[in-house]
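Examining the three-dimensional arrangement
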Amino acid sequence: MWGGRFAQGPSAIMREINASIPFDKALWRQDIAASKAHVAMLGACRVVSGEDAVTIRDGLDAVGAEYEASGVPEDWDLEDIHMTTESRLAQLIGPVAGRLHTARSRNDQVATDFRLWVRDAIDQAEAGLQALQVALVMRAGEHADSIMPGFTHLQTAQPVTLGHHLMAYYEMIGRDRSRFHDARKRMNRSPLGSAALAGTGFPIDREMTAQALGFDGPTANSLDSVSDRDFALDYLMAASQCALHLSRLAEEFIIWASQPFGFVTLPDALSTGSSIMPQKKNPDAAELVRGHAGRISGCLVSLMMTMKGLPLAYSKDMQDDKPPVFEAAGLLALSIAAIAGMVAETKFRTERMRGAAELGFATATDLADWLVREGDIPFREAHHITGAAVKLAESRGVALDQLPLDDLKTIDSRIDERVFNALSVEASVAARKSHGGTAPDQVRLRVAEARAALGLE
Ligand code: ARG
């Protein structure tokens, strides 16, 4: 395709290092679609004859049908998906195929194809995340009243409801969706027609190709258009942050499934056994989601490092943009599906969760709050009094609400029998009805809003 000025062909090493077809063949659908939009525009603008435009269009359809039926052939001499398609087109329709590449370059071609691919990946991620949110909201609704320990530092802190805990992930996933949404909006401009770097002298219509490919309009600067990979970085950034959330939830499932916790029984279908220990059921899917998050952020860093030193406009380094994006998209899709399955199918062992919430003096803050409310004691002083009560209970090996009233009174005489109403885990969560708090009524409220937002009502 470019041999005119060369006396010698590329060496074996040159061919191998240069060939992107082993991975960029994944762009074939986008490549055919963009070429069809381009040639239709060339025909409409009379840059090629209407007859040639139709011949080329039909030829592209035929190439696409071949790819669909038997895959994309990998010939390193043809370097990439763009040359592979054009060369097959020439075999099918003859020299008229050579008119397709008028007023474009592989530089705007690949920028366009890749944008279209990333746009689809965003739409896929969005759909998967919506399904995950549905699973979270369903389970949260079932467990708006189920009490579990809430942690800070992984130490028992205050009782919370399982529904509240699950809805925390609903919020995170909502932000992930909005990041993908933003990325999509920002990237949805067509670089096609920027040609190699400077634009073209042919009377083309970039609005027309932009519209045909579902873009909001053409990009504004040809140099930027062929050298910009922000759209891929935005995608990887959103994917990394999303994977990080999935990884945190995976980590919780792993901890909760561990025998000393015993908060959940993970679905068999998302667990594996051990080849030596017959009793084992391991949370491998969750562990791999946690592992994949590392690889996905690695993909982001990989592309940032590729881009950071490149002068305008296109450099071949940019061919390395695709593997990290393809890899991240595959890992993310699997991770979302695995976590959604875990959320939907996990058996929550609510008795054990509730039992654990009663350990570790989880309602100590409620005692302090009671002293503030009923005794008009400044919070810092109430905190100190409660600390003494915890110390006493701990030395006796009993829970706070198992200390006799007389003993509590020796710590502070202002304590009376009404305090016991405040010390149960039920009273503790029910009290926390501030906006966004863990009280079952608050959780039900947020679940209802979420169900409406997801169109479940
Ligand atoms: N395979 C190339 C890539 O993915 C296509 C663009 C090639 N452009 C060029 N000037 N050599 O980046």
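Everything numeric here is computed off the predicted structure, so don't read it as measured data. (Residues numbered from 1 in each chain as written. Predicted model: local features only at pLDDT ≥ 70, side-chain atom pairs only at ≥ 80, totals over all residues. Heavy atoms only, no water.)

Points about the overall build of the protein
Condition: Think of it this way: any DSSP run of H or I at least four residues long counts as a helix, any run of E at least two long counts as a strand, and we number them from the N terminus. Just to be clear, the radius of gyration here is over C-alpha atoms, and the globule rule we use is 2.2 Å times residues to the power 0.38. When accessible area is computed with a 1.4 Å probe and restricted to protein chains, residues below 20% of their type maximum are described as buried, those above 50% as exposed, and intermediate ones as partly exposed.
When helices and strands are counted, the protein shows 19 helices and four strands. Here the C-alpha radius of gyration of the protein, 30 Å, is well above what a compact globule of 457 residues would show, namely 23 Å. Overall, the protein is about 100 × 50 × 45 Å in size when its C-alpha atoms are taken along their principal axes. Relative to its full complement of 457 residues, the protein shows a buried share of 48%.

Here we look at the domain arrangement of the protein
Heads up, the condition is: Throughout the structure description, domain borders are defined by an automatic or database domain assignment. The contact criterion used is simple: two residues touch if any of their non-hydrogen atoms lie within 4.5 Å. Summed over both partners, the accessible surface that disappears when two parts come together, traced with a 1.4 Å probe, is what is meant by buried area. We define a salt bridge as a side-chain nitrogen of Lys or Arg found within 4 Å of a carboxyl oxygen belonging to Asp or Glu. As a working rule, the residues Ala, Val, Leu, Ile, Met, Phe, Trp, Tyr, Cys and Pro are called nonpolar, Asp, Glu, Lys and Arg charged, and the rest polar, with Gly in that last group.
As assigned here, the protein comprises domain 1 (12-102), domain 2 (107-144 + 159-349) and domain 3 (357-452). Once you take the C-alpha centre of each, domain 2 and domain 3 turn out to be 41 Å apart. Across the contact, 13 residues belong to domain 2 and 15 residues belong to domain 3. Between domain 2 and domain 3, a total of about 1100 Å² is buried, with carbon and sulfur atoms accounting for 69% of that surface. Linking domain 2 with domain 3 are one salt bridge. Notably, a salt bridge pairs R446 with E171, separated by 2.7 Å at the nearest N-O pair. Looking at the side of domain 2 that touches domain 3, the elements that each hand over two or more residues are α6 (106-142), β2 (155-161) and α7 (162-187). Broken down by element, the residue count for the side of domain 2 that touches domain 3 peaks at five residues, all from α7. Class assignment of the residues belonging to the side of domain 2 that touches domain 3 gives a composition of eight nonpolar, four polar and one charged.

Things to note about the side chain of S105
Put simply, the rule reads: A 3.5 Å cut-off defines polar contacts: any pair of N or O atoms within that distance qualifies, except that in protein one atom must be a possible hydrogen donor and the other a possible acceptor, and neighbouring residues in sequence count only when both atoms are side-chain atoms.
As for its position among the elements, S105 is in the loop between α5 (81-93) and α6. Separated by 2.8 Å, the side chain of S105 and the backbone nitrogen of N107 make a polar contact. Apart from the residues lying within four places of it in its own chain, the contact partners of S105 are A195 and A196.

So, the packing of helix α4 (residues 50-70) against α5
Filter applied, for reference: Fitting a line to C-alpha atoms yields each axis, with helices limited to the stretch in contact; the angle taken between N-to-C directions then spans 0 to 180 degrees. Note on angle classes: values under 35 degrees are labelled roughly parallel, values over 145 roughly antiparallel, values of 65 to 115 roughly perpendicular, and the remainder oblique. The handedness criterion is simple: a crossing whose near helix is rotated anticlockwise from the far helix by less than a right angle is left-handed, and one whose near helix is rotated clockwise is right-handed.
Axis separation between α4 and α5 bottoms out at 9 Å; the angle between their running directions is 115°. With respect to each other, α4 and α5 are oriented roughly perpendicular. The chirality of how α4 crosses α5 is right-handed. Of the residues in α5, those touching α4 at T55, I56, G59, L60, A62, V63, E66 and Y67 are I81, T84, T85, R88, L89, L92 and I93. Of the residues contributing to the contact of α4 with α5, the split by class is nine nonpolar, four polar and two charged.

Looking at the UniProt feature "domain: Fumarate lyase N-terminal" (unreviewed entry) in the protein
Heads up, the condition is: UniProt positions are given in the numbering used here, feature names are shortened, and annotations may be inferred rather than shown by experiment.
Taking the numbering used here, the UniProt-annotated feature "domain: Fumarate lyase N-terminal" (unreviewed entry) corresponds to residues 4-298. Overall, residues 4-298 shows 61% helix and 5% strand. The separation of its end C-alpha atoms is 40 Å.

Some remarks on the site of the ligand
Quick reminder of the rule: When at least one non-hydrogen atom of a residue lies within 4 Å of a molecule or strand, that residue is treated as near it. Areas reported as accessible are Shrake-Rupley estimates using a 1.4 Å probe. Residue values count occlusion only from the protein chains shown.
The ligand sits among S20, D24, D80, H82, R106, N107, V110, Y314, K316, Q319 and K322. Contacts to the ligand include S20, whose side-chain N or O atom sits 3.4 Å from a nitrogen atom. In this structure, a nitrogen atom belonging to the ligand sits 2.8 Å away from a side-chain N or O atom of N107. For the ligand, whose free accessible area comes to 340 Å², the fraction covered by protein is 86%.

A short note on helix α11 (residues 284-307)
Which entries qualify depends on this criterion: To estimate how far a helix should reach, multiply one less than its number of residues by 1.5 Å.
With 24 residues, α11 extends 35 Å between its outermost C-alpha atoms, agreeing within 8% with the 34 Å of an ideal straight helix rising 1.5 Å per residue. If you check which residues of α11 are buried, you get A285, A286, V289, H292, A293, I296, C299, L300, L303, T306 and M307. Its buried side turned inward, α11 meets α9 (222-227), α10 (230-257) and α12 (322-345).

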